[in-house]
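# Structure assessment
Residues per chain are reported as follows:
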Amino acid sequence: MSRVLVLNSGSSSLRYRLFDGAEVLAKGLVQRIGESGGDAADHGEALRRLMDELDLTGLAAVGHRVVHGGERFTTATVVDDAVLSAIEELIPLAPLHNPAALTGLRVARRLLPDVPQVAVFDTSFHSTIPPEGALWAIDREVAAKWGIRRYGFHGTSHAYVSRETARLLGKPAGETNVITLHLGNGASAAAVRGGRSVATSMGLTPLPGLVMGTRSGDVDPSLIFHLHREAGMPIDEIEDLLTRRSGMAGLAGDNDLRSVEERCLAGDPEATLAIDVYCRRIREYTGSYLAVLGRVDAITFTGGVGENSRTIRARALAGLEALGISIDPERNARNERVISPDGSPIAVCAVPTEEELEIASEARKAIGSEG
Ligand code: ADP
């Protein structure tokens, strides 16, 4: 019973991966669900198709990626009716993501009633952030009543790559301090002390922190009032501006980091400035987390950008030799796992993330079988 099916349900997609231990037996993506000409009429049909195609005998669990677990879900949780209602109550905090996960959970429960369904939350890994790192300085009653605090996201990725970094360094994870930089379409930084998250750059939602493909990352919240009052923009339009038309899309007119980077290398000033803003933000968070952690063993890049872009890695951490941080250009160009020179006080690493594998292992832990 070591097989685990991992499902990542989007509003019109279903990404799946079937594991036997750490081995991937099958993977794929059902797209444009419910759209004309799409792969399936609804999530039920998509999952039924998977059940026909995949050999699910001996399935120990289905692990579902759920974006927001709020304050309640500090660990992966076997799903029952009460858990489903609790995930439903969190919809206002993740209106785009939690409804899709709920659909996937309901369908999988109906079609695989004898298999435990486990919800694995993007937020859980960050539940160890201490109150001084999770609270903002606003009225405490308002914050408590409305659940306003830093939750953080990309938790499965930060957990996996920080552990993998400890393994690379040959140190126990419980004694290793890592700054993890997950740079994909979404992007976030985390400070991990001895395997536990103590700081992260995303917040109530996945909007703040680093500059992303289409999300702004940190801004002065007053710009919302300013655009509303002075420019007459409705609140929904400002939300759309900050979440879909900002980040690299806003600065350089393109959310794809690789093409912005190509323009930058060709000398395009707009693309160069966008890359400078992007790297400067990474540098600011890295410096901040050096101070939060006090002692740092490694800084680890991951995500599509972090795993592949030597330019971003080199620019983001350039000139920090006095802090014990340097990058070996050849190791960096070869995308090696450790890209700092041997003997550096702080290792710099590039580690491919494995979010689905982490979800599978969290699901196994939740049902009490680590196999
Ligand atoms: P998601 O967050 O959707 O999982 P990924 O982690 O795959 O996305 O990251 C996508 C981003 O990675 C895109 O902006 C893409 O341009 C960038 N990327 C992928 N390969 C490279 C590369 N070789 N150089 C620079 N950027 C890259």
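Predicted, not measured: the structure shown is a model, and the values here were computed from it.

All right, on to the domain arrangement of the protein then. According to the domain assignment, the protein contains domain 1 (3-121) and domain 2 (171-350). On a C-alpha basis, the centres of domain 1 and domain 2 stand 29 Å from each other.

Right, let's talk about the environment of Ala137 for a bit. Examined against the element boundaries, Ala137 turns out to sit in the loop between α4 (131-134) and α5 (140-146). For the pair formed by Ala137 and Asp20, sequence separation is 117 residues and the distance between their alpha carbons is 46 Å.

Here we have six strands laid out as an open sheet, ordered β3-β2-β1-β4-β6-β5, and mixed in their pairing. Of all strands in the sheet, those with a lone pairing partner are β3 (23-30) and β5 (77-78), marking the two edges. Packed on one face of the sheet, helix α15 (residues 355-366) meets β1 (3-9), β2 (14-20), β4 (59-66), β5 and β6 (117-121) and runs near 65 degrees to β2.

A few words now on the sheet that holds strand β8 (residues 187-193). Here five strands make up an open sheet; going across it, the order is β9-β8-β7-β10-β11 and the pairing mixed. Strands at the two margins of the open sheet, each flanked by one partner only, are β9 (196-200) and β11 (347-350). Adjacent strand axes in the sheet meet at a mean angle of 25 degrees, parallel and antiparallel pairs treated alike. Bridging between strand β10 (residues 298-302) and β11 involves four bridges; their strand directions are parallel. Across the sheet, Phe301 pairs through a bridge with Ala350, a residue of β11.

Let's shift gears to the pattern of salt bridges. Counted by the stated rule, this structure contains 23 salt bridges. Among the salt bridges present, the one from Asp240 reaches Arg245, with a minimum N-O distance of 3.0 Å. Assessed through its relative accessible area of 23%, Asp240 is described here as partly exposed. Here Arg331 and Glu336 are joined by a salt bridge, their closest N and O atoms 3.9 Å apart. Salt bridges sharing common partners tie together Arg331, Arg334, Glu336 and Asp342.

Taken together, 13 residues form the shell around the ligand, and within it Asn185, Asp256, Leu257, Arg258 and Gly304 come nearest. Note that an oxygen atom of the ligand is positioned 3.0 Å from one of the backbone N or O atoms of Leu257. In this structure, Gly304 approaches the ligand through a main-chain N or O atom, which is 2.8 Å from an oxygen atom. Looking at the shell around the ligand, the elements with two or more residues in it are α10 (257-265) and α12 (303-308). Of the residues forming the shell around the ligand, the biggest block, four residues, is contributed by α12. Across the shell around the ligand, the residue classes break down as two nonpolar, eight polar and three charged.

What follows is about the pairing of β2. Of all seven residues in β2, five are buried; the element is thus mostly enclosed. As paired strands, β1 and β2 are joined by seven bridges and run antiparallel to one another. The residue bridging Ser9 from the neighbouring strand is Leu14, located in β2. Here β1 hands over to β2 after four residues, the two strands then running antiparallel side by side. Taken together, β2 and the strand that follows it, β3, pair antiparallel across an intervening segment of two residues, in which Gly21 is found at a positive phi of about 60 degrees.

Rules used in this analysis
Residues numbered from 1 in each chain as written. Predicted model: local features only at pLDDT ≥ 70, side-chain atom pairs only at ≥ 80, totals over all residues. Heavy atoms only, no water. Domains from an automatic or database assignment. Helix = DSSP H or I, 4+ residues; strand = E, 2+ residues; numbered from the N terminus. Pairing = 2+ DSSP bridges. Contact = heavy atoms within 4.5 Å. Axes fitted to C-alpha atoms, helices over the stretch in contact; angles between N-to-C directions. Salt bridge = Lys/Arg side-chain N within 4 Å of Asp/Glu carboxyl O. Buried < 20%, exposed > 50% of the residue type's maximum accessible area, 1.4 Å probe, protein only. Near = heavy atom within 4 Å. Polar contact = N/O pair within 3.5 Å; in protein donor to acceptor, adjacent residues only side chain to side chain. Nonpolar A, V, L, I, M, F, W, Y, C, P; charged D, E, K, R; others polar.

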